[in-house]
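# Fold and geometry: a report
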Amino acid sequence: MSLPCEMLDEILIRLPVKDLLRARCVSKGWCSLIDSTPFVKRHLSANAGAGSLLIRGSAGIGNFYLASFNAAQDEATALEINDPLKTLLVGARIQGAANGLVCVSKNNINQLFLINPATNKSRMIPSAPQEFPRSFYYNESSVCGFGYDHINDDYKVVKIADCFIQFRGIMAIVYSLKTNSWKQIHNVPSNTRFTRDSGAFADGALYWLGINKPVDINDTCCKDFLVVFDLGLDQFKEILIPAMKGPVISFSTRCVDSDGRSLCIIDSYPDCHTDLWLMNNSGAEIPWSKLLSVENHRTQPFRFFRPVYFSRSGESVLLEVDNSKLVWYDLGKKAVKNFLIRGIPNKFSSHVYTESLVKLTEDKLLQKPSQDKPEIKQQKRRDDFLSKGFKLRL
């Protein structure tokens, strides 16, 4: 007795990637269904809120691990990523993740790869154009980022660095997986020093912390702000950050809460406390809200921390503390609960990851084509950003 296609689709859509890869061998019909664009799209959407972590060991060669979890658990078990990805990932750093694809870099960010840890597949990104600086890692204004362009159904890598060959200034280039090529972006922010953090991906854009370089040699005032690159518009924007008395030590988009706030900023008041802020993406009058504030004491469990993941209920946030442990922080009760992941090194960094069947083939991006023309969606995107107070660089 064979199941109707609609019923089979509903059953398979609930299975994890590793089971679906095995199920492809059942028949040509099953293989065709699992590989189809609509199925890959629906499976990704159905599993978007599932808790998974991609973990990189900090010591030695830094092996990579995957772990699934939920907020009700006190512990989980990680599985090490094996060959062929294991060999490729030796010495690699994570630059970003989107829809199950992860961008990793090697050789001071001069070598870039896209990988899908769930399917164990990889793809090498072509080298940057010759005019782009090769001393990428050692330049104070050199940054990188990776994200998904939902307007054009594309995955993009952005590299920014000071250029001294063709002209003196900041050069920005963008790689498109759809075209498998790089292009230069103009109207790059000037007099800006970028942080070396990887670009944080949220809501179709990449974010970096920027600091205005003093124009006058006697001017010592530096102003922190966010430099935003919209992946659908290929445009830079700027957004102000909350007024802070202490230095901004990091920011992240590795967690999204139930209200759609996704960009997190951490600032520290020396010998006092550390605050965590969230940006509201819904266009509210107050764009930032303080999520929590932790007193800085030598005896307390928080020295350096960053948010990793919000529970589906929005009541708890998973925090990585001192690159050595994970804790659930209950926002209502202000209580801490340790979360143990077995099978990982003592020192690590963790990144939210969504398992998917998305392929890395050059001629097939398994994304359902949009009903809107890109030009219409781009105009909607511009209007949306302007309504939120972004300053566009045209």
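Summarised in this report is the structure supplied together with it. None of the values given here were measured: they were computed from a predicted structure.

Parameters and conventions
- Residues numbered from 1 in each chain as written.
- Predicted model: local features only at pLDDT ≥ 70, side-chain atom pairs only at ≥ 80, totals over all residues.
- Heavy atoms only, no water.
- 1 Å grid on protein atoms, 1.4 Å probe; cavity = no way out; pocket = protein on both sides within 12 Å on 5 of 7 lines; lining within 4 Å.
- Points joined across faces, edges and corners; volume = space filled by probe spheres on them.
- Helix = DSSP H or I, 4+ residues; strand = E, 2+ residues; numbered from the N terminus.
- Nonpolar A, V, L, I, M, F, W, Y, C, P; charged D, E, K, R; others polar.
- Disulfide = S-S within 2.5 Å.
- Buried < 20%, exposed > 50% of the residue type's maximum accessible area, 1.4 Å probe, protein only.
- Pairing = 2+ DSSP bridges.
- Axes fitted to C-alpha atoms, helices over the stretch in contact; angles between N-to-C directions.
- Salt bridge = Lys/Arg side-chain N within 4 Å of Asp/Glu carboxyl O.
- Arc of directions from axis to C-beta.
- Contact = heavy atoms within 4.5 Å.

### Description of the layout of surface pockets
Reported here for the second largest pocket is a volume of approximately 460 Å³. Together, 17 residues line the second largest pocket, and Lys18, Leu66, Leu79, Pro117 and Glu355 are the ones closest to its centre. Contributing elements (two or more residues each) for the lining of the second largest pocket: helix H2 (17–23), strand S2 (64–69) and strand S4 (79–80). Of the residues in the lining of the second largest pocket, the class split is nine nonpolar, five polar and three charged.

### Remarks on the state of the cysteines
Taken as a whole and assessed by the stated rule, the structure comprises zero disulfides. In this model Cys25 remains outside any disulfide bridge; the closest cysteine sulfur is found in Cys31, 7.8 Å from its own. Residue Cys25 is classed as exposed on the basis of its relative accessible area of 70%.

### Some thoughts on the sheet that holds strand S9 (residues 143–149)
Pairing in this open sheet of four strands is antiparallel, and the strands run S9-S10-S11-S12 from one edge to the other. Of all the strands in the sheet, just S9 and strand S12 (181–185) have a single pairing partner and so form its edges. The mean angle between the axes of side-by-side strands here comes to 25°, regardless of whether they run parallel or antiparallel. Two elements, strand S11 (residues 169–176) and S12, share five bridges in a ladder whose sense is antiparallel. When the sheet's bridge partners are listed, Tyr175 is paired in S12 with Trp182.

### Some points on empty space enclosed by the protein
Under the definition given, this model contains two cavities of 30 Å³ or more. Its volume calculated, the second largest cavity comes out at about 30 Å³. If you go around the second largest cavity, the residues you meet are Asn110, Gln111, Leu112, Ile125, Pro126, Ser127, Ala128, Lys159 and Trp182. Of the residues that constitute the lining of the second largest cavity, the class distribution is five nonpolar, three polar and one charged.

### Some words on the sheet that holds S2
If you trace the four strands from one edge of the open sheet to the other, you get S4-S2-S1-S26, paired in antiparallel fashion. One side of each edge strand has no neighbouring strand; the edge strands of this open sheet are S4 and strand S26 (348–352).

### Brief notes about the pattern of salt bridges
If you walk through the whole model with that rule in mind, you get 13 salt bridges. A salt bridge links Asp35 to Arg24; the nearest nitrogen and oxygen atoms lie 2.8 Å apart. Highlighted residues: Asp35 in helix H3 (residues 28–35) and Arg24 in the loop between H2 and H3, separated in sequence by 11 residues. For Lys337, the salt bridge is made with Asp74, and the minimal N-O distance between the two is 3.4 Å. Of this pair, Lys337 sits in strand S25 (residues 335–342) while Asp74 is found in the loop between S2 and strand S3 (75–77), placing the two residues 263 residues apart along the sequence. By relative accessible area, Lys337 is classed as partly exposed at 33%.

### Focus on helix H4 (residues 37–46)
Those residues of H4 not exposed but buried are Phe39, Val40, His43 and Leu44. For H4, the angular spread of buried residues about the axis comes to 130°, placing them on one side. Contacts made by the buried residues of H4 are with helix H1 (5–12), H2 and H3.

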